[in-house]
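If you want the building blocks of each chain, they are given just below.
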There are 2 protein chains.
Amino acid sequence: MTHLSEFRGVSRSKLGQEVAELGRLGLVESGGQAPSRGGRPSNIVSLSNEVRYAGIEIGATSIAAGLTNGYLEVLDFVEEDADVHDGPDVVLGRAIELVRKLAARHPASTLAGVGVGVPGPVSFRDGRLVGAPLPMPGWERFPIRDHLARELKLRVTVDNDVNTMALGEAHAGAARGTNDFMYVKLGTGVGSAIVANGLLYRGADGCAGEISHTRIVDLQSLCSCGRHGCLNAEFGGSALTRQAIVAAQSRESVVLARLLEQNGTLTPADVGAASAAGDPYATQMIRRGGRLVGQALANLINVLNPSRIVIGGGLLGLGPLLLAEIKSAALEASTPLATSELAIVQTALGDRAGVIGAAWLASETLIDALASPSETGISRTA
Amino acid sequence: MTHLSEFRGVSRSKLGQEVAELGRLGLVESGGQAPSRGGRPSNIVSLSNEVRYAGIEIGATSIAAGLTNGYLEVLDFVEEDADVHDGPDVVLGRAIELVRKLAARHPASTLAGVGVGVPGPVSFRDGRLVGAPLPMPGWERFPIRDHLARELKLRVTVDNDVNTMALGEAHAGAARGTNDFMYVKLGTGVGSAIVANGLLYRGADGCAGEISHTRIVDLQSLCSCGRHGCLNAEFGGSALTRQAIVAAQSRESVVLARLLEQNGTLTPADVGAASAAGDPYATQMIRRGGRLVGQALANLINVLNPSRIVIGGGLLGLGPLLLAEIKSAALEASTPLATSELAIVQTALGDRAGVIGAAWLASETLIDALASPSETGISRTA
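Just so you know, these numbers come straight off a predicted model, no measurement behind them. (Residues numbered from 1 in each chain as written. Chains lettered and ligands numbered in written order. Predicted model: local features only at pLDDT ≥ 70, side-chain atom pairs only at ≥ 80, totals over all residues.)

A. Looking closely at the overall build of chain A. For chain A, the count of helices and strands is 11 helices and 14 strands. A burial count over chain A gives 53% of its 382 residues as buried. In chain A, of all internal contacts separated by at least 6 residues, the share reaching a separation of at least 24 is 65%. (Helix = DSSP H or I, 4+ residues; strand = E, 2+ residues; numbered from the N terminus. Buried ≥ 20, exposed ≤ 12 C-beta atoms within 10 Å, placed from the backbone. Contact = placed C-beta atoms within 7 Å.)

Here it is in structure tokens:
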């Protein structure tokens, strides 16, 4: 929860401008005095549950925003189609509108911070997207954080979208209580995030978790990165769509051929529908995708020895067969010691994981801002 | 360095029995008063450089021990052949003898703790080896830490050998100053250790870093784990020895055939010697091994995004070609973002990395013991 507990030895007068403002609004509560350590008594300062955070999730084809209370419970949630290719001015303009809409619907609330997840590697320190492997015109090094902060006049924190989903699951979802876990998102592509020793691991350049170019035995499709054998080229929303169209045109899948004729196009959801309708080719596509993800995970299970893997993303809609295949392939190809206690489970938060995780980041950033750099004796009660 | 700095608000009387004893011996020094935070002045307490630690490195075929000062500089070092298959009673008995020998050589020293690296997965909390993938008769769940602590009457800390090597390189070697790195040991097998966010990452069951069963495209040899395609089955001291004997017997390598006739057996060092003597087959074996290690690392580079990879272990003696091939294969198969700042370098500490890291663990354990559980405001000066 969003407490500032054990805020040792810091008098209220030393706290930053933000907490003074929040205090003026009645959103910072004194929690009494900390246990004495022989020095002058210290105040425990808590953020009130009346504080509000906004979490924004920018996807390749959608944008979602949620308003949470101080405990990061989602009070309001909106989601719209969007195209990341429209560039940061357009897409971030939409995000700003959504935050303002949420704020307007809750006029008595005081928004204390905004967290944002974006679909690419993020320089967390800079609040910018850096080195996106897929074409995202205009986004490279665009000052996402500073732009939003200036427009919204709020503290903003930006992270990779899969990282925010992992943080959401850690705070309130399927990874609660675990210190060492992976979150795997099965969406347009396959992405992952790593929590090690209880801390999100972003890597040296902010691209930790990049599983989509894992090379797997026997894969031959050409990947967007220009190599053969990457997971990304064989599974994920983009790959499934491509494979479904080929299967329809070649008539290997009768059901997909009919759906293509009816709709003029195919989506991953059509593969799920075809499988549910008894089409063996579509079912085989799902099975194969699950096995490839499981094989890619197996090497990571051996090396990272997580206690849990949480699977999320839209492709879970393909049906329970996908998760079953991921599990069996991952377990089959890992060492017994690394899997004796391993649980592979699906998301508990669904499409809200990212928004909750982004709000969590906003709350963390606020707490960090409240603490002067020399005062690190802050912990959050669970 | 081994300082207890900023030991805030803890009076000396509250420190544990160990520090009282160390203080009596003149090994705990007052560093003056901490900067006031408005409370009662706090003492800064430092461990004297006159403190001594012992680091022990138990390998599959050797045992090494070092004595360090409080700054973890190695003052004395001994190494002997040993066989881990002799079981824990014999091997740990040898370790105890080595520690006593070192202590006897430095009669004025006060040994404050012992760190131990062992060649298998370790339950760090229990100080035991758990689930070793290779046969290590008698070691499974043997109470290594408690046995050594009872015999030596000292605080003992046990970790996986590759972890101790990584800690050594982080403290005093090729990984100084990096928060996100991997250490890769090329020995009888291939092992690795991961440091993420500045912390050693042991994983849920203590087996993080297990790279030897990474499955690689196009590998077909049967591994000791019963599967095909593991790195371990194709490269490492064991695999090289096996391959060298086959190459000698088939006369594909003339030089190895001659060495086998001369010596009746072959070692990985013979492969290095044959390559240095111009034998193309031996050179090819080294090249191929380096490429396989590089390919196994590539997927980890993508997912972990380390800033540095430190390569150590006896197989570096095969010559500079091995490291060159590892580098080129790893870089070729990784994403550009993950490698833009990546340095792949060799160990700076050689065969002393493990002993230094084990001594570092001993010093960390002592510092933790000095601090009461509620007092975590301890940092070590660099």
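B. Region of the structure containing unusual backbone geometry. Residues and elements named next belong to chain A. For Arg141, which is not a glycine, the phi torsion comes out positive at approximately 65°. Along the polypeptide, Arg141 turns up in the loop between strand S8 (128-129) and helix H3 (144-152). Here Arg141 falls in the exposed class, since 12 other C-beta atoms lie within 10 Å of it. Even without glycine at this site, Asn305 takes up a positive phi of about 50°. Asn305 sits in the buried class, given 28 other C-beta atoms within 10 Å.

C. Here's a closer look at the interface of chain B and chain A. At the junction of the two partners, chain B supplies 43 residues and chain A supplies 43 residues. Of all the elements, helix H8 (residues 280-304) of chain B adds the most residues to the side of chain B that touches chain A, at 5 residues. Here the residues of the side of chain B that touches chain A sort into 18 nonpolar, 18 polar and 7 charged. (Nonpolar A, V, L, I, M, F, W, Y, C, P; charged D, E, K, R; others polar.)

D. The arrangement of the environment of Asp218 of chain B in detail. Residue and element names in this part refer to chain B. Examined against the element boundaries, Asp218 turns out to sit in the loop between strand S12 (199-201) and helix H5 (237-249). Residue classification places Asp218 among the exposed residues on the basis of 10 C-beta atoms within 10 Å. C-alpha of Asp218 to C-alpha of Phe181: the two residues are 37 residues apart in sequence and 28 Å apart in space.

E. Summary view of the pairing of strand S3 (residues 51-58) of chain A. Residues and elements named next belong to chain A. Among the 8 residues in S3, 8 count as buried, and that is most of the element. Residues Val51, Tyr53, Gly55 and Glu57 of S3 are buried on one face, and the alternating residues Arg52, Ala54, Ile56 and Ile58, pointing to the opposite face, are buried as well. Pairing of S3 with strand S6 (residues 110-118) involves 7 bridges; the strand directions are parallel. Paired with Tyr53 across the two strands is Gly113, which belongs to S6. The pairing of S3 with strand S4 (residues 62-68) spans 6 bridges and is classified as antiparallel. Across the sheet, Ile56 pairs through a bridge with Ala65, a residue of S4. Hairpin remark: S3 followed by S4, antiparallel, with 3 residues in the connecting loop. (Pairing = 2+ DSSP bridges.)

F. A look at the confidence of the model for chain A. Residues and elements named next belong to chain A. When pLDDT is averaged across chain A, the result is 87; 86% of the residues are at 70 or more. Per-element confidence in chain A is highest for strand S13 (residues 308-312), whose mean pLDDT is 98, and lowest for strand S2 (residues 43-47), whose mean pLDDT is 62. Predicted confidence is poor over residues 1-15, with pLDDT under 50, and the contacts of this stretch with residues over four places away or in other chains come to 50 contacts. This model gives residues 372-382 a pLDDT under 50, and the stretch forms 20 contacts once residues within four places in sequence are excluded. Taken together, the chains of this predicted complex give a pTM of 0.87 and an interface ipTM of 0.84. (pLDDT = per-residue confidence, 0-100.)

G. Seen up close, the sheet that holds S3 of chain A. Residue and element names in this part refer to chain A. One open sheet accounts for 5 strands, arranged S5-S4-S3-S6-S9; its pairing is mixed. The two strands at the open ends of the sheet, each matched to only one other strand, are strand S5 (74-81) and strand S9 (156-160). On average, each strand axis in the sheet is inclined to that of its neighbour by 15°, with strand direction left out of account. This element, helix H2 (residues 88-105), spans S3, S4, S5 and S6 of the sheet and lies at about 30° to S4. Contacts between H3 and the sheet are confined to S6 and S9, with S9 contributing the most and set at about 150° to the helix. (Axes fitted to C-alpha atoms, helices over the stretch in contact; angles between N-to-C directions.)

H. Geometry of the relation of the copies chain B and chain A. Between chain B and chain A, which share one sequence, the superposing operator has a rotation angle of 180° and an axial displacement of 0.0 Å; the RMSD is 0.0 Å. What the superposition gives is, in effect, a two-fold axis relating one chain to the other. Of the interface residues in chain B, 100% have counterparts in chain A that sit at the interface too, so the contact is made through matching surfaces. (Least-squares fit on C-alpha atoms with pLDDT ≥ 70 in both.)

I. H2 of chain A, seen in detail. All names here are of chain A. A rise of 1.5 Å per residue sets the reference length of H2, with its 18 residues, at 26 Å; its end C-alpha atoms lie 25 Å apart and thus fit the reference within 8%. Listed as buried for H2 are Pro88, Val91, Leu92, Ala95, Leu98, Val99 and Leu102. Take H2 and look down its axis: the buried residues cluster within an arc of 110°, on one side only. Exposed residues pointing more than 90 degrees away from the buried face of H2 are listed as Asp89, Ala104 and Arg105. Looking at the buried side of H2, the elements it contacts are S3, S4, S5, S6 and H3. (Expected span 1.5 Å × (residues − 1). Arc of directions from axis to C-beta.)

J. How the structure looks around the domain arrangement of chain A. Residue and element names in this part refer to chain A. Considered domain by domain, chain A is made up of domain 1 (51-170 + 352-368) and domain 2 (177-347). The gap between the C-alpha centroids of domain 1 and domain 2 is 25 Å. Across the contact, 18 residues belong to domain 1 and 18 residues belong to domain 2. Among the elements of the structure, strand S7 (122-123) and helix H4 (161-172) are those that each provide at least two residues to the side of domain 1 that touches domain 2. The element best represented in the side of domain 1 that touches domain 2 is H4, accounting for 7 residues. (Domains from an automatic or database assignment.)

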